[in-house]
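# Chains, contacts and geometry: an overview
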Amino acid sequence: MPRYRDLTHTARPSDAPRVVDPKNPIRTTDPGALQMLEMIKERKIETVYDRVVAQQPQCTFGYNGICCRICIAGPCRVKKEEGPGSRGICGATAYTIVSRNLVRMIAGGAASHSEHARHVLHTAHSLVEGHAPDYEIKSPAKLIKLAEKLGIATLNRGNMEILKDVVELGYADFGRYQDRPLAFLDSFLTEGRRKKFHETNIMPRNIDGSITELIAQTAMGVDSDPVNIIFGGLKSSLADLGGEYIGTNLSDVLFGIPEPIVSEANLGVINPKMVNIAVHGHNPVLSEMVVAAARVMKEEAIKAGAEGVNIVGICCTGNELLMREGVYLATSSASQEMAILTGALDAMVVDIQCIYPAVQTVAECFHTKVITTEAIMKIPGAQHIAFDTTTAMEDAKKLISIAIKAFKNRDPKKVSIPSEKHKLVAGFSLEALTEIFSKICPERPISVLTDAILSGQLKGVCLMAGCNNLKRAQDESHLIVLKELVKNDVLVISTGCSSGAFAKFGLMSPLAVEAYAGDGLKAFFKTLEAANPQLATGLPLVFHMGSCVDNSRGADLAVAMANELGVDIPKVPFVASAPEAMHEKAVAIGSWCVSLGLPTHVGSLPPLEGSDLVYGIATQIAHDVFGGNFIFEVDPNIGAKKLLDALEYRTWKLSVHKKTAEKNNTPLAQGW
Ligand code: BF8
Ligand code: SF4
């Protein structure tokens, strides 16, 4: 059972309101978005902030996960505690309906992340085959490291030859039928997790099969056992992690390993004198090419009367480009429409995921061109330009020409750009962090972090991830959780829209360390900075690890810490938090975090409260089986306290076990 120091805390969420201020349309705290809304208030353009209010109150059956639409005898709702109304038409009870609905979200998340990974894999494959002339192996070092992890021979072999084998193994991971584990996943797990996943029968052998199996398992009249269904879900969540691992690592091979880099964030990065193009979505395969094309098309933009081409990022495509190229981050998920409202965005080029269909509706009030680029992602009214990796540069140039043409139609009277923007330092891949630590201890770099925890200087590590969910005001929960954690000396790494929130508020900067970090964290940063004079700036309050698929970098760090400490992940003072989770991808990530053995806070409740059994499995029984558990808590202050409790408990227990092992000269206890 998870333990809480504060005895008023239980596995149940507090009584904090589930939707804060449901009638208030000002549902953001982002200073850039607030400025934007103020600027356009006379014009009354509908945005997500209006629609979320219009949706209130949301359906309680759906909210609790007790509405089943799996077959067309339904929809069935669990309406009563007992009798025929307590079951669906087929007799499915609440625990079956809730668990089926939940794991189908995991399947959606796993499909999304791995579709992204598949695209990166296809690109690498085209490169190997000689059909992707505009791409290259930017990081041979990463390729070698990855190949070695995967057991692929590297000695006396050319890079393309090695990449060919890596790609083949990646493809096999999507469709393997032999009884062997997913290679990319298996390549980085701790021994303890490998054993646990085999014992619990959740080690996936392929990605596509795990997702398909889960959909089949949860079809009408198949599995009704909630425990079996949830374990099926966890298997898919691990397939999701495998997919993320492929996505992150192959992106690093093709586009480079992120290193500390300085940039800026929030709507003020949109430049009134330039052709502004927002790249939005998740996939670096297209957006990296847009950045490259923008560099060579500067002259054309100048001819059109602009000073050049300004690429800005939104959501995780933005994070990918920020991490590797230092591209400005305009905004994050919930405020994506705001970028168009500036009236100075000439094109929004989108790939996949988290793109509101509403961007086209807003764009129609301006000159902005919304351009979709992937076969599975079109928006009525938007222009579609199929992006092909074999003609990547040519396609990217086409996109930029459209933006330059649109720039000429920009209406200066409609331009109003918020001044808000903040400097930031991003680019903290695990390699970059390891490099920084290695300046203190070259032999065992991760010991710099684990020793700081064991000595009490740091309380532990938290991976902050996830989206915006407007049940509370945008970004508020991300900020509250972060501030509470850093004040208590927790080292925070972040991804996705959590990173977006911190960047937009100026918290991803060295200046924020002085204002918000606790003494231990400050001292830790000072030691690192003193040993790393090569860093152009000081270290930021929070380390940006990348996009949503880059949560795999967080998993990598948890594994490295476990190996350094000689324990499995459930004993490592490492927690995760998604204070504003929204997407199915977040459900998949949260589920593999728990399977890996991490206490995982989620600030917006997934639809599972309709079954006490399923709720109990997620928040308590999971801890007994995997050492990780969900902490569902909508109040970010309480959520942060529960995370701190979990870290404190782990550090205390680990220290006791270490002392006992040293005193008695016995192996370190592995139980959690
Ligand atoms: O993949 S954090 S809202 S943008 S799902 Fe989407 Fe959530 Fe943002 Fe990135 Ni991740
Ligand atoms: Fe209703 Fe059962 Fe069909 Fe679900 S599967 S909609 S509970 S009949």
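Fair warning: this is a prediction, and the values are worked out from it, not measured in the lab.

What counts and how
- Chains are numbered independently. Their residues run from 1 in the order of the written sequence.
- Lettering of chains starts at A and numbering of ligands starts at 1, both following the order in which they are written.
- Residues qualify for local features only when their pLDDT is at least 70, as the model is predicted, and side-chain atom pairs are given and counted only at 80 or more; totals for whole chains, interfaces and linings, by contrast, use all residues.
- The basis for the side-chain values is all heavy atoms of the structure; hydrogens and waters are excluded.
- Where each domain begins and ends follows an automated or database-derived domain assignment.
- The contact definition used throughout considers only heavy atoms, calling two residues in contact when any of these lie within 4.5 Å.
- Salt bridges, as used here, are contacts in which a Lys or Arg side-chain nitrogen is within 4 Å of a carboxyl oxygen on Asp or Glu.
- In protein, a polar contact requires one atom able to donate a hydrogen and another able to accept it; more generally it is a pair of N or O atoms within 3.5 Å, and residues adjacent in sequence count only if both atoms are side-chain atoms.
- Each helix corresponds to a stretch of at least 4 residues labelled H or I by DSSP, and each strand to a stretch of at least 2 residues labelled E; elements are numbered beginning at the N terminus.
- One heavy atom within 4 Å of a molecule or strand makes the whole residue count as near it.
- Only Asp, Glu, Lys and Arg are considered charged in this grouping, and only Ala, Val, Leu, Ile, Met, Phe, Trp, Tyr, Cys and Pro are considered nonpolar; every other residue, Gly among them, is considered polar.
- Because water is not among the atoms used, a metal site may look incomplete, as its donors are only the N, O and S atoms within 2.8 Å, or 3.2 Å for Na, K and Ca.
- Think of it this way: with four donors and all angles in the 85 to 135 degree range, the site is tetrahedral; with four or six donors, opposite ones beyond 155 degrees and the rest between 65 and 115, it is square planar or octahedral; otherwise it is irregular.
- If DSSP finds at least two bridges between two strands, the strands pair.
- Between N-to-C directions, angles span 0 to 180 degrees; the directions come from axes that are lines fitted to C-alpha atoms, helices contributing only their stretch in contact.
- UniProt positions are given in the numbering used here, feature names are shortened, and annotations may be inferred rather than shown by experiment.
- The way it works is a 1 Å grid over only the protein atoms, where trapped points that fit a 1.4 Å probe form a cavity and open points with protein on both sides within 12 Å along at least five of seven lines form a pocket, and then any residue with an atom within 4 Å of a point lines it.
- Per-residue accessibility, obtained with a 1.4 Å probe over protein chains only, is compared with the maximum for each type, and a residue is labelled buried under 20%, exposed over 50%, and partly exposed between these values.
- Multiplying 1.5 Å by the helix residue count minus one yields the expected span of that helix.
- Oblique is the label for any angle not covered by the other classes, which are roughly parallel (under 35 degrees), roughly antiparallel (over 145) and roughly perpendicular (65 to 115).
- Only Phe, Tyr and Trp rings take part, Trp by its six-membered ring, and two of them pair if their centres are within 6.5 Å. Stacked means planes under 30 degrees apart, edge-to-face means over 60, and tilted covers everything else.

Here we take up the domain arrangement of the protein. Accessible area lost when the parts come together is the quantity often used to give the size of an interface. The domain boundaries assigned to the protein delineate domain 1 (94-255), domain 2 (267-414) and domain 3 (427-664). With 16 residues of domain 2 at the interface, the matching set in domain 3 holds 24 residues. Run the count over domain 2 and domain 3 and you get zero salt bridges. The interface formed by domain 2 and domain 3 holds eight residue pairs in polar contact (both at pLDDT 80 or more) in total. Breaking the side of domain 2 that touches domain 3 down by element, the ones donating at least two residues are α13 (315-325) and β6 (328-331).

On to the site of ligand 1, then. Of all residues adjacent to ligand 1, which total 13 residues, the nearest are H282, C316, C354, C497 and C548. H282 places a polar side-chain atom, nitrogen or oxygen, 2.5 Å from an oxygen atom of ligand 1. Interatomic distance of 2.9 Å between a side-chain N/O atom of K585 and an oxygen atom of ligand 1. Listed by contribution, the elements that provide at least two residues to the shell around ligand 1 are α13 and α20 (496-504). Each residue belonging to the shell around ligand 1 can be placed in one class, and the counts come to seven nonpolar, five polar and one charged. Of the residues that make up the shell around ligand 1, three or more belong to each of domain 2 (267-414) and domain 3 (427-664).

So, on to the coordination of the nickel atom of ligand 1. Its sole protein donor being C548 (SG), the nickel atom of ligand 1 sits 2.1 Å from that atom. Of note is the nickel atom of ligand 1, whose four donor atoms meet at the metal with angles of 89 to 134° in an arrangement that counts as tetrahedral. Topologically, C548 is positioned in the loop between β13 (543-546) and α23 (551-565).

Within the open sheet, the six strands sit side by side as β13-β12-β11-β14-β15-β16. Their pairing is parallel. In this open sheet, the two strands that pair with only one neighbour each are β13 and β16 (629-632). Between one strand axis and the next, the sheet turns through 25° on average, direction left out of account. Sheet topology places strand β14 (residues 574-578) next to strand β15 (residues 599-602); three bridges connect them, and they run parallel. Bridge assignment links S577 to a residue of β15, and that residue is H601. Sitting on the sheet, helix α24 (residues 584-596) is in contact with β14, β15 and β16, with an inclination near 130° to β16.

With that settled, consider the UniProt feature "binding site: [4Fe-4S] cluster 1" (unreviewed entry) in the protein. In the numbering used here, UniProt assigns the feature "binding site: [4Fe-4S] cluster 1" (unreviewed entry) to C59 and C67. Residues from the annotated list that form part of the lining of the largest pocket: C59. Topologically, C59 is positioned in the loop between α2 (48-54) and α3 (60-64). With respect to the helices, strands and loops of the structure, C67 is situated in strand β1 (residues 67-68). Among residues more than four places away in sequence, those in contact with C67 are F61, G62, P75, C76, R77, I97 and N101.

All right, on to unusual backbone geometry then. The residue after Q56, namely P57, is reached through a cis peptide bond having omega -10°. Relative to the elements of secondary structure, P57 occurs in the loop between α2 and α3. The amide bond that connects G74 to the next residue, P75, takes the cis arrangement and shows omega of 5°. Residue position: P75 is located in the loop between β1 and β2 (76-77). Phi angles above zero are rare outside glycine, and Q353 is one such case at about 75°. On the secondary structure map, Q353 appears in the loop between β7 (347-350) and α15 (358-363).

This part is about the pattern of salt bridges. The tally for this structure, following the rule as stated, stands at 37 salt bridges. We note a salt bridge from E609 to R18, for which the minimum N-O separation is 2.7 Å. With a gap of 591 residues between them, E609 in the loop between β15 and α25 (612-626) and R18 in the segment before α1 (31-39) connect regions that are remote in the sequence. R18 gets classed as partly exposed once you look at its relative accessible area, which sits at 25%. The partner of E161 in a salt bridge is R157, with the nearest N and O atoms 3.5 Å apart. The class for E161 is partly exposed, based on a relative accessible area of 41%. Each member of the salt-bridge network shares a partner with another, and the members are K142, K145, D252, E320, R324, E431, D550 and R553.

For an α-helix, the turn length of 3.6 residues means that residues three or four places apart are oriented alike. Between its first and last C-alpha, helix α19 (residues 476-487) extends 17 Å over 12 residues, near the 16 Å set by a 1.5 Å rise per residue. What α19 keeps buried is the set S477, H478, L479, V481, L482, E484, L485 and V486. At the C-terminal side of α19, D489 shows a positive phi close to 65°.

Right, let's get into the packing of α19 against α20. With their axes 9 Å apart at the nearest point, α19 and α20 run at an angle of 80° to one another. As judged from the angle between their axes, α19 and α20 are roughly perpendicular. Between α19 and α20, the contacting residues are H478, L479 and L482 on the first element and C497, S498, A501 and F502 on the second.

Turning our attention to the packing of aromatic side chains. Think of a pair of aromatic rings as described by two things: how far the centres are apart, and how the planes are tilted against each other in angle. Applying the stated criterion to the full structure yields 10 aromatic pairs. Taking 4.1 Å as the distance between ring centres and 5° as the angle between the ring planes, the aromatic pair formed by F188 and Y245 counts as stacked. On the criterion of sequence distance, the pair formed by F188 in the loop between α7 (183-186) and α8 (191-199) and Y245 in helix α10 (residues 226-255) is long-range, its members being 57 residues apart. Accessibility expressed as a relative area gives 3% for F188, which makes it buried. Taking relative accessible area as the criterion, Y245 reaches 1% and is therefore assigned buried. With 5.8 Å between their ring centres and 40° between their planes, Y649 and W652 make a pair best called tilted. One end of the pair is Y649 and the other is W652, both in helix α26 (residues 636-664) and three residues apart, which spans about a single turn. Counting every residue linked through ring pairs, the aromatic cluster contains F428, F437, F524, F525 and F543.

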